[in-house]
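Structural description and commentary
Read off the chains here:
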Amino acid sequence: MHSHDDRKDLDLIRDARRGNEGAFTQLVRRHESAVYNFAYKVCRDEVKAQEAWQDTFVNVYRKLGQFDGKSKFTTWLYSIVTNNCLMKHRRRKIDAESISFDEPEALAEEPVTDRSGRKIQTLPSWRETPLDTVMKKEFRSHLERAIVKLPLEYRLVFTLRDIEGQGANDTARILKISVPAVKSRLRRARVFLRNQLNEYMTS
Amino acid sequence: MRKVIRCTDVFVHICENLDEKLTSKRCRAIRRHLKDCPNCRAYLASLKTTIRLYKSFTNPAFPEEIRKNLFSNLKPNPKLARIRTQS
């Protein structure tokens, strides 16, 4: 069942297909920020994000007749911008197989208990991060370095699921992978980023 | 019989239901484990903080000129024009 926003998109698409250029303009304006933000979060580069944005809306303009309306317009749109981001991505020598997604040692070992049998915490807690710390350049650089290291296939899932709030089924459709693959990649992305930040957050 | 969960099981499965109030046997077992395991609670907290930090990461402002470039570069779509003449 389509939401109000979905129906608005479908109305604009119908009008754009009838030659109403104003309808296409409205369609772009409705989604331009979301597409740019997503492209930037994935590409981590302003120039590439702008190029992916342009390519995306050119693709939408040219292929509007092919959108069948069976899925949400936003699902189709995100598929297109994802493909454009993937095309801009240079395959690195470091790929997913060589990245570590290991659990912390404290979780792999048998838990340490006190005399009464209660488990003792051996995994360091992360320090609190006040907002002014988050905004500091050094901290933001650290976050940025970590996510740039994350292989693109994992970065895409993390961005769609955790940042954009897309559901697992929609994410699977956008990336053309299975739902179990979405869950597996998301778990690995979260673990990797958490591990990258761990030393900084416990020092 | 109650399902027994170890910390390594929590590591594997916790991510699946980080934000979801699932009621499967495994999810209930994970919640029971978390009550008694400070390591797993600390780990879960660190995962949630990781996500929260990246959600708060702000993007550069939308560059308005790319919209202007788009509309000035788009040539009339012949397929749209055909539909227009047919309708």
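Above: the structure in question.
Description of the structure in this document. (Residues numbered from 1 in each chain as written. Chains lettered and ligands numbered in written order. Predicted model: local features only at pLDDT ≥ 70, side-chain atom pairs only at ≥ 80, totals over all residues. Heavy atoms only, no water.)

As for the overall build of chain A
- Check the secondary structure of chain A and you find 10 helices and 0 strands.
- Reading the secondary structure of chain A in the N-to-C direction produces α-α-α-α-α-α-α-α-α-α.
- Relative to the globule expectation of 17 Å for 203 residues, the C-alpha radius of gyration of chain A, 21 Å, shows a markedly less compact shape.
- In terms of overall dimensions, chain A has C-alpha extents of about 75 × 35 × 35 Å along its principal axes.
- A burial count over chain A gives 46% of its 203 residues as buried.
- Taking the intrachain contacts of chain A between residues at least 6 apart in sequence as the baseline, contacts between residues at least 24 apart amount to 67%.
- For chain A, the computed accessible surface area is about 10,900 Å², with 47% contributed by carbon and sulfur atoms.
- For chain A, the centre of its 38 positive side-chain charges and the centre of its 29 negative side-chain charges are spaced 3 Å apart. (Helix = DSSP H or I, 4+ residues; strand = E, 2+ residues; numbered from the N terminus. Rg over C-alpha atoms; globule rule 2.2 N^0.38 Å. Buried < 20%, exposed > 50% of the residue type's maximum accessible area, 1.4 Å probe, protein only. Contact = heavy atoms within 4.5 Å. Areas by Shrake-Rupley, 256 points an atom, 1.4 Å probe, with all protein chains shown as cover. Lys, Arg positive; Asp, Glu negative; His and termini not counted. Charge placed at Lys NZ, Arg CZ, Asp CG, Glu CD.)

Some remarks on helix α4 (residues 73–88) of chain A
- With 16 residues, α4 of chain A should cover 22 Å at 1.5 Å per step; its first-to-last C-alpha distance of 23 Å lies within 8% of that length.
- Listed in full, the buried residues belonging to α4 of chain A are Phe 73, Thr 75, Trp 76, Leu 77, Tyr 78, Ser 79, Ile 80, Val 81, Thr 82, Asn 84 and Cys 85 of chain A. (Expected span 1.5 Å × (residues − 1).)

A few points about the packing of aromatic side chains
- Summed over all chains, the structure comprises 13 aromatic pairs over all chains.
- When the centroid spacing of 5.1 Å and the interplanar angle of 40° are considered together, the rings of Phe 67 of chain A and Trp 76 of chain A count as tilted. Taken individually, Phe 67 of chain A and Trp 76 of chain A each receive the classification buried, so the pair is uniform in this respect.
- One cation-aromatic arrangement involves Arg 140 of chain A over Phe 57 of chain B; the distance from NZ or CZ to the ring centre is 4.6 Å. (Phe/Tyr/Trp six-rings, centres within 6.5 Å; stacked < 30°, edge-to-face > 60°. Lys NZ or Arg CZ within 6 Å of the ring centre and 35° of its normal.)

A short note on the interface of chain A and chain B
- Each side of the interface is counted separately: chain A has 58 residues, and chain B has 46 residues.
- Both faces combined, the contact of chain A with chain B buries some 4,800 Å², and carbon together with sulfur accounts for 64% of it.
- Area buried by chain A at its contact with chain B is led by Tyr 61, Leu 107 and Arg 190 of chain A, which between them contribute 14% of it.
- The interface formed by chain A and chain B holds 1 salt bridge in total.
- Glu 32 of chain A serves as the salt-bridge partner of Arg 67 of chain B, at 2.6 Å between the closest nitrogen and oxygen.
- One can count 7 residue pairs in polar contact (both at pLDDT 80 or more) joining chain A with chain B.
- With 11 residues, helix α2 (residues 21–43) of chain A is the single largest residue contributor to the side of chain A that touches chain B. (Buried area = accessible area lost by both parts, 1.4 Å probe. Salt bridge = Lys/Arg side-chain N within 4 Å of Asp/Glu carboxyl O. Polar contact = N/O pair within 3.5 Å; in protein donor to acceptor, adjacent residues only side chain to side chain.)

Thoughts on the nonpolar core
- Counting 83 residues, the largest nonpolar core has Phe 24, Trp 53 and Phe 158 of chain A together with Tyr 54 of chain B as its most contacted members.
- In this view, Phe 158 of chain A contacts Ile 147, Ile 163, Leu 186, Ala 189, Arg 190 and Leu 193 of chain A together with Ile 51 and Tyr 54 of chain B; residues no more than four positions away in its chain are not counted. (Core = buried A, V, L, I, M, F, W, Y, C linked by side-chain atoms within 4.5 Å.)

Observations concerning helix α8 (residues 152–163) of chain A
- Buried residues dominate α8 of chain A, accounting for 11 of its 12 residues.
- Among the residues making up α8 of chain A, those that are buried are Leu 152, Tyr 154, Arg 155, Leu 156, Val 157, Phe 158, Thr 159, Leu 160, Arg 161, Asp 162 and Ile 163 of chain A.
- On its buried face, α8 of chain A is in contact with α2, α4, α7 (137–149), α9 (168–175) and α10 (179–202) of chain A together with α3 (38–55) of chain B.
- Positive phi appears at Gly 165 of chain A, one or two residues downstream of α8 of chain A, with a value of about 80°.

Here we look at a positive patch on the surface
Residue and element names in this part refer to chain B.
- Residues Lys 25, Arg 28, Arg 31 and Lys 35 make up a contiguous surface patch of positive charge.
- Residue position: Lys 35 is located in helix α2 (residues 25–36).
- The class of Lys 35 is exposed, set by a relative accessible area of 69%. (Patch = residues over 30% accessible without salt bridge, like charges linked within 9 Å, V, L, I, M, F, W, Y side chains within 5 Å.)

What to know about the environment of Phe 24 of chain A
- Among the structural elements, Phe 24 of chain A can be located in helix α2.
- The spacing of Phe 24 of chain A and Val 60 of chain A is 36 residues in sequence and 9.5 Å in space, taken between C-alpha atoms.
- Setting aside residues up to four positions removed in sequence, Phe 24 of chain A forms contacts with Ala 16, Phe 57, Val 60, Tyr 61 and Leu 64 of chain A together with Phe 71 and Leu 74 of chain B.

Re the side chain of His 33 of chain B
- Positionally, His 33 of chain B belongs in helix α2.
- Judged by relative accessible area, which is 9%, His 33 of chain B ranks as buried.
- Among residues more than four places away in sequence, those in contact with His 33 of chain B are Lys 119 of chain A together with Ile 5, Arg 6, Cys 7, Val 10 and Cys 40 of chain B.

Focus: unusual backbone geometry
Residue and element names in this part refer to chain A.
- Here Arg 44, not a glycine, exhibits a phi torsion of approximately 55°, which is positive.
- Here Arg 44 shows up in the loop between α2 and α3 (46–63).
- Of note in this structure, Lys 176 is not a glycine but carries a positive phi near 60°.
- With respect to the secondary-structure elements, Lys 176 resides in the loop between α9 and α10.

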